[in-house]
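# Architecture at a glance
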Amino acid sequence: MFKGLGDMDLSKMMETAQQMQTKMAEMQEGLNRLTVTGEAGGGLVKATATAKGELTALDIDPSIFKAEDKEVVEDLILAAIKDAQRRAQDKAAAEMQRLTSELGLPADMKMPF
């Protein structure tokens, strides 16, 4: 039909695009439900985020609340948040890879989402 599309006809291509759009919407919704937890200081500070990177909780062990440790606590909080964000990116990338695989798309295909 179109040069370079091989045997795929336009209706099949549209159907595939609609399926992909539906699955992408489901995946985006799912990323809001998936959570990851990053930690720092051997678990003294924990940050929980959605797989989209939205911080949802922060847990700080009370043993680290000493005035002289203020800078250390701040550094641990930042480290835990960064760890949670990195894990969220990894989870989102894994979900995207799973989705593209299910749809038969190339693993390295860049999606605009």
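Rules of the game
- Residues numbered from 1 in each chain as written.
- Predicted model: local features only at pLDDT ≥ 70, side-chain atom pairs only at ≥ 80, totals over all residues.
- Heavy atoms only, no water.
- UniProt positions renumbered as here; feature names shortened; annotations may be inferred.
- Axes fitted to C-alpha atoms, helices over the stretch in contact; angles between N-to-C directions.
- Helix = DSSP H or I, 4+ residues; strand = E, 2+ residues; numbered from the N terminus.
- Parallel < 35°, antiparallel > 145°, perpendicular 65-115°, else oblique.
- Left-handed = near helix turned anticlockwise from the far one by under 90°.
- Contact = heavy atoms within 4.5 Å.
- Nonpolar A, V, L, I, M, F, W, Y, C, P; charged D, E, K, R; others polar.

Under an unreviewed UniProt entry, the name given to the protein is Nucleoid-associated protein JWJ88_16690, and the source organism is Paracoccus methylovorus. Under the heading Function (unreviewed entry), UniProt records this for the protein: "Binds to DNA and alters its conformation. May be involved in regulation of gene expression, nucleoid organization and DNA protection." As recorded by UniProt, the Subcellular location (unreviewed entry) comment attached to the protein reads in full: "Cytoplasm, Nucleoid".

### Examining the packing of helix α1 (residues 10–33) against helix α2 (residues 70–102)
One way to put it is that α1 packs onto α2 with a least axis distance of 11 Å and a crossing angle of 155°. What the angle tells us is that α1 and α2 run roughly antiparallel. In the packing of α1 onto α2, the handedness of the crossing is right-handed. Residue-level inspection shows Lys23, Met24, Met27 and Leu31 of α1 in contact with α2, the latter providing Ala92, Glu95, Met96, Leu99 and Glu102. A class-by-class count of the residues in the contact of α1 with α2 yields six nonpolar, no polar and three charged.

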